[in-house]
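# Structure at a glance
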Amino acid sequence: MKKSVFSMCGMCAVRCPIRVEVEDEVVKWIEGNPHDPGMAGRLCAKGSAGIAMEYDYERPSHPMIREGERGEGKWRKATWDEALDFIGDKLKGIIEKYGGKAIALSDRGGPFRDIHRSFLRAIGSPNYFNHDCTCAKNVQHASISLFGSGRKTFNYDCKQCKHLVLYGRNVFESLKVKGANAVMELLDAGGKITYIDVRASGTAMKATRFWRIRPGTDYALNLGIIHTVIRDKLYDKEFVERWVEGFNELESFVSEYTPDWASAETGIPAEEIVEFAHEISEDKPSVIFHPGWMTARYMDSFYSSRSAYILNALMGSFETPGGLFFQKGPGDVGIKGLNTLMDTIPKPEDKRVDGCGWKYKHFESGPGLLHLLYPAILSEDPYPVKAYIVFRHDPLLSLPDPEEQKRVFDKLDLLVAVDGKYSETGWYADVLLPSATYLEKSSILATGKGLKPQFKIRKKAIEPRNEARPDWWIFKSLAERLGVGKYFKFDDVEDFWEWQLDGTGVKVKDFEEKGFVPLVEAPVWWDRMNDLKFKTPSKKIEFVSSLLEENGITSFKPYESPKKPKKGFFRLAFGRSPVHTHGQTQNNPILNEIMPENTLWINAEKAEELGVSNRDMVEVTSSDGSHSGTISAYVTPFIDPETVFMVHGFGRKVPWQTLGYNKGLGDYRFETGLLNVYDPVGGANALLECYIQVKKAK
Ligand SMILES: Nc1nc2c(c(=O)[nH]1)N[C@H]1C(S)=C(S)[C@@H](COP(=O)(O)OP(=O)(O)OC[C@H]3O[C@@H](n4cnc5c(=O)[nH]c(N)nc54)[C@H](O)[C@@H]3O)O[C@H]1N2
Ligand SMILES: Nc1nc2c(c(=O)[nH]1)N[C@H]1C(S)=C(S)[C@@H](COP(=O)(O)OP(=O)(O)OC[C@H]3O[C@@H](n4cnc5c(=O)[nH]c(N)nc54)[C@H](O)[C@@H]3O)O[C@H]1N2
Ligand code: SF4
Ligand SMILES: [Mo]
């Protein structure tokens, strides 16, 4: 029998809308949802490799309980009842002795969090974390300091943009299908891209202007641009007068940061900085300075991200076609939002173990900062945490220094991983619970915010082919074992959908036609001079931030030049490949064939000094000497001489994934000593403060 199912891709965290064709319970074809104009049937390579992932048998197929030492790889196959009882009994013991707060959970964010966050809340723990301390936390906090709300308040109208500025935002390789398509449309329409990176990535090749910048100096570049914009009166005066608090303070702060000064820091010629400022100003307000991610992993990235947002405000590029727009939700178009289970459960009274929101008032408390959990586990200050549930997250691969992390995990009574693959963390866990793949499970309904808000659905295409189960079922079953099943009254996800939709006027059957239900016909734009909804105390964009100043933190940090590597050492930069998702696709038979391992980008002149030619093997050692490995060199003039680069996620060490095992090197393994090195104001791990030694291999 044949069927066609609208759903959402799960090969990366973007969750593109897809259409899946199934014949006799076998997935035959996946394409971008043709009803979504941004997709128009298209998918990326990873999305297309979803079938290869589904039929790869090197994935966990049943619950596993550890038999040997942690990480040794000796497992016992368990039934679901056994595995859930095992976890349930351990957690009960921990809750009796230390309270629910002794249980922490981390995930990878996203729209499907209601059930597992409700689980945590129901057992009385405030200790929910997500991945963001290694991703966009500094951008998030920069946004809160300026606008009173997080980075997702806005999205970017790249399609109609006339000049897009990208700080290492590698849109064509670090992909979102719709985003990449929109930027292609910008180019087709004659729009410009200024792309800034320490190396020439795929996006650099398509950009109108490429600036190779010294790593960690984007803040200096922005100060130089802001100086020019204010000095030459290139800003949107009307917008700034209406919406900005603290313009004069900014003006006096940047007065010393001339283009000549910025040039010396960044390596970008001063006259080009001035020319750029004039050029982009002509296209305002349809311009975007994308605050990105990659400038967000240094010690001063909070201020760097903040300065990119400030440039948008100076250009008046808010709520205007081709600029940043407020993402509208159901409430903004007069429709009730989806019901959330979390709202039916009382909030835990205990304070967060990481201090976010109370000890550190400038850090948002919602998902906290995961790297601050580690010292708390070790010190038991302010209280003990004894169990850690890792759900759809792989901290041993995504936070720095896996060996240090393991030492901390060894203080736990219980480490559980819920994952559809053998993650590095799952391999070190006490129990590994197999999660159904996105093709095998329906998820709870999600809200898509934007110019045209919508509700959307992930619907299973096939039944799980082994013992794997949907994530919602796993957490509901655990809740029942811990005596809090009363909050999880639904029998299956379809019941939950009905409940989520109650009062919205939308019905489950409305998703059948397209896989999503638009809540309005036409895009919603607010009046940019009267109706912008900034959530700061002043209701304006706060260049001088009340949140920061109240907490004794300056709104304008004087620039400090980043450290230069010592002789023989390089800063280790990393990024994505268009055909891999972090560390989770290295074992995919198709993606592995396209890119089986990573290489080390190194500047041609530096390589010559080291006697290294293209494709030679080089030996790479972490700064403390504890970790080393060999990797093939990619010698190129198109990378900063202080820096080497490798694609993230390789060097996998789970032997049951035979294709990805030990292929290439893992950037994360070289980040020794960095687990608790973070931007003090933005909170994110400073992953790029990593220096490694490079030598020609013997
Ligand atoms: N050194 C270094 N560190 C980095 C980065 C880097 O480039 N270099 N990148 C950083 C960034 S930007 C990010 S966002 C983080 C990402 O770090 P993570 O969030 O840890 O990475 P992901 O690959 O998104 O997903 C983690 C796990 O989720 C599992 N998974 C996927 N789908 C499902 C599902 O439906 N259910 C369940 N239960 N599991 C699922 C995958 O198999 C994978 O093991 O890493 C950060 N850390
Ligand atoms: N194919 C694919 N796409 C993805 C993902 C994936 O795993 N695979 N992951 C998604 C996730 S979670 C994220 S966060 C995004 C990340 O998206 P991006 O941030 O756009 O991409 P990255 O590849 O992480 O890094 C981009 C670039 O930053 C550069 N860089 C390093 N240091 C500096 C610096 O000091 N200044 C400047 N200007 N540039 C610097 C690096 O050289 C690299 O080329 O991608 C998303 N999209
Ligand atoms: S970007 Fe590619 S892998 Fe990610 S959700 Fe979209 S199609 Fe899937
Ligand atoms: Mo990320």
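Just above sits the structure.
Attention in this report is confined to the structure presented alongside it. (Residues numbered from 1 in each chain as written. Chains lettered and ligands numbered in written order. Predicted model: local features only at pLDDT ≥ 70, side-chain atom pairs only at ≥ 80, totals over all residues. Heavy atoms only, no water.)

## Re the pattern of salt bridges
The line we're drawing: Salt bridge, as used here, is a side-chain nitrogen of Lys or Arg placed within 4 Å of a carboxyl oxygen of Asp or Glu. For the exposure calls, accessible area comes from a 1.4 Å probe over protein chains only, and a residue counts as buried if that area is under 20% of its type's maximum, exposed if over 50%, partly exposed in between. For helices the rule is a DSSP run of H or I covering at least 4 residues; for strands it is a run of E covering at least 2, with both sets numbered from the N terminus onward.
One pass over the structure, following the stated rule, counts 42 salt bridges. Of the charged contacts, one joins R76 and E67 as a salt bridge, the two residues approaching to 3.5 Å between their closest N and O atoms. Owing to a relative accessible area of 52%, E67 belongs among the exposed residues under this scheme. Among the salt bridges present, the one from K564 reaches E642, with a minimum N-O distance of 3.8 Å. You can see K564 sitting in the loop between α20 (546-550) and β22 (569-575) and its partner E642 sitting in the loop between β25 (628-636) and β26 (643-647), a full 78 residues away along the chain. Judged by its relative accessible area of 56%, K564 falls in the exposed class.

## Notes on the site of ligand 1
Test applied: A cutoff of 4 Å decides nearness: a residue is near a molecule or strand if any of its heavy atoms lies inside that distance of it. N or O atoms closer than or at 3.5 Å make up a polar contact, with two conditions inside protein: a donor-capable atom paired with an acceptor-capable one, and, for residues adjacent in sequence, both atoms drawn from side chains. For the area figures, the Shrake-Rupley method with a 1.4 Å probe applies, and any residue is considered shielded solely by the protein chains shown. Throughout, the ten residues Ala, Val, Leu, Ile, Met, Phe, Trp, Tyr, Cys and Pro are labelled nonpolar, Asp, Glu, Lys and Arg are labelled charged, and all others, Gly among them, are labelled polar. Domain boundaries shown here were taken from an automatic or database domain assignment.
Taken together, 27 residues surround ligand 1, and among them R108, S398, D419, K441 and E671 come closest. With respect to ligand 1, the side chain of H648 contributes an N or O atom lying 3.0 Å from a nitrogen atom. The fraction of the free accessible surface of ligand 1 (910 Å²) that becomes covered by protein chains is 94%. A per-class count over the shell around ligand 1 returns 6 nonpolar, 10 polar and 11 charged. Formed jointly, the shell around ligand 1 draws a minimum of three residues from each of two domains, domain 2 (64-134 + 363-518) and domain 4 (569-696).

## Here's the deal with the sheet that holds strand β19 (residues 454-456)
Rules: Whether two strands pair comes down to DSSP finding at least two bridges between them. Interaxial angles span 0 to 180 degrees and are taken between N-to-C directions of axes, which are lines fitted to C-alpha atoms, for helices over the stretch in contact.
With respect to topology, 3 strands assemble into an open sheet ordered β18-β19-β20, the strand pairing being antiparallel. Strands at the two margins of the open sheet, each flanked by one partner only, are β18 (446-448) and β20 (516-518). Across this sheet, the average inter-strand angle for adjacent strands is 20 degrees, counted without regard to direction. In the sheet, β18 pairs with β19 via 3 bridges, with the strands oriented antiparallel. Each bridged residue has a counterpart across the sheet, and for G448 the counterpart in β19 is Q454.

Read these as spatial facts, not as claims about activity.
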